[in-house]
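# Topology and contacts: notes
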Amino acid sequence: MIKYIVLALVFGVAAGYSNNNFGNFFANSLVSDYLFNFSLILLLFVMGFSFGVDKEATVKLKRAGLKILVVPFAVGLGSILGGLVGGLILGINVFASMAVSAGFGWYTLAGPLVGQLFGAEFGALGLTVNFLRELLTITTISLTVRIDKYVPIAFGGATTMDTTLPVIVRYCGSEALITAFSSGFALSLTAPFAITAIATLFH
Amino acid sequence: MLNLLAFAFPLIAGILLGYFLRDKKRINLGRITFGTILALIFSLGFSIGSSNELLSAMPKVGLNAAVILALTLLFSVVFLKTVKKMVKMK
């Protein structure tokens, strides 16, 4: 299954690149907005449906209860600390590297926001790190899930409420749906505030 | 914020509908789901491929990005594993 996903990704990149650089055959937004949102909404509905139907999944979730709220907390804190250590090792502005990591994989937010607060160079870093985080979550899932079914959720960060959610549910099972979605939701809510707060500490 | 809620709505609607139709005849959603995942990943790839900004940024920040990303992922996983143990989550 992962090979079809990687193929779809590669074809998507090639198609997007061609449409942009070898003549615009159609508006980019047709795919990157309309097809994206349509398939995402349909998937969320279908995944919700499969979860609602699955008796075991609801029982498992009830057993975990409020404990699932620690997931985004741990992932968020771990990410920012990772950014701090990375910045120290590389000898770059540690506030900027923490802000980059506080994008939690949301590259369309982290790129522009970090760029605005720390300059274009760090904006490029924010864009790349967070984009690669999303990409790695998807492409390595068949390996990371073997370590622990929560590892893909940690990898995905804020993206586990949308782009990486279907792949996570496919590999980690229906019971991971709510944990992954709520973690991604909480991290998506936090990301803009976390980046801005880190920048305020710096300035 | 509104965008985030827009994603929660279809999910909750799906869960409720699935819950109420629990004992009805099952339809196999596997194929639809898989096809839609491919469409989603394709459009994700498309946004990446059509973003000149992203493609030009990547090579410039290569090493720094790799180091920060590796540590970000490592610490996320370590923290999650530690906290999971602390709250005894399965």
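Remember, it's a predicted structure, so these values are computed and weren't measured experimentally. (Residues numbered from 1 in each chain as written. Chains lettered and ligands numbered in written order. Predicted model: local features only at pLDDT ≥ 70, side-chain atom pairs only at ≥ 80, totals over all residues.)

### Looking at the nonpolar core
Rule in force here: Residues enter a nonpolar core if they are buried, belong to Ala, Val, Leu, Ile, Met, Phe, Trp, Tyr or Cys, and are joined to the set through C-beta atoms within 7 Å. The exposure scheme places C-beta atoms from the backbone and then counts, for each residue, the other C-beta atoms within 10 Å of its own, assigning buried at 20 or more, exposed at 12 or fewer, and partly exposed in between. A domain assignment, automatic or from a database, supplies the domain bounds used here. Residues are defined as contacting one another if the C-beta atoms placed from their backbone atoms lie within 7 Å.
Membership of the largest hydrophobic core comes to 93 residues, with the highest contact counts inside it found for Ala-99, Val-114 and Ile-195 of chain A together with Ile-41 of chain B. When we break this core down by domain, the ones giving at least three residues each are domain 1 (1-50) and domain 2 (61-90) of chain B. Those residues in contact with Val-114 of chain A that sit more than four places away from it in its chain are Ala-96, Ala-99, Val-100, Phe-122, Gly-123, Gly-126 and Ile-195 of chain A.

### Some words on the interface of chain B and chain A
Put simply, the rule is: Only runs of H or I of at least four residues qualify as helices and only runs of E of at least two qualify as strands under DSSP, and these elements are numbered from the N terminus.
In this assembly, 58 residues from chain B lie in contact with 77 residues from chain A. Among the elements that line the side of chain B that touches chain A, the one with the most residues is helix H4 (residues 62-86) of chain B, at 18 residues.

### Considering the confidence of the model for chain B
All names here are of chain B. Convention followed: pLDDT measures the predictor's confidence residue by residue and takes values from 0 up to 100.
Mean pLDDT for chain B: 84, with 92% of residues reaching 70 or above. Within chain B, the element-level pLDDT minimum falls on helix H3 (residues 52-60), averaging 78, and the maximum on H4, averaging 94. Scored as a complex, the prediction yields pTM 0.83 and ipTM 0.85.

### Some points on helix H4 (residues 70-90) of chain A
Just so we agree on the cut-off: The span you would expect from a helix comes to 1.5 Å times its residue count less one.
Taking 1.5 Å as the rise per residue, H4 of chain A with 21 residues should run 30 Å; its terminal C-alpha atoms sit 30 Å apart, in good agreement. The positive-phi residue at the C-terminal boundary of H4 of chain A is Gly-91 of chain A, with phi of around 70°.

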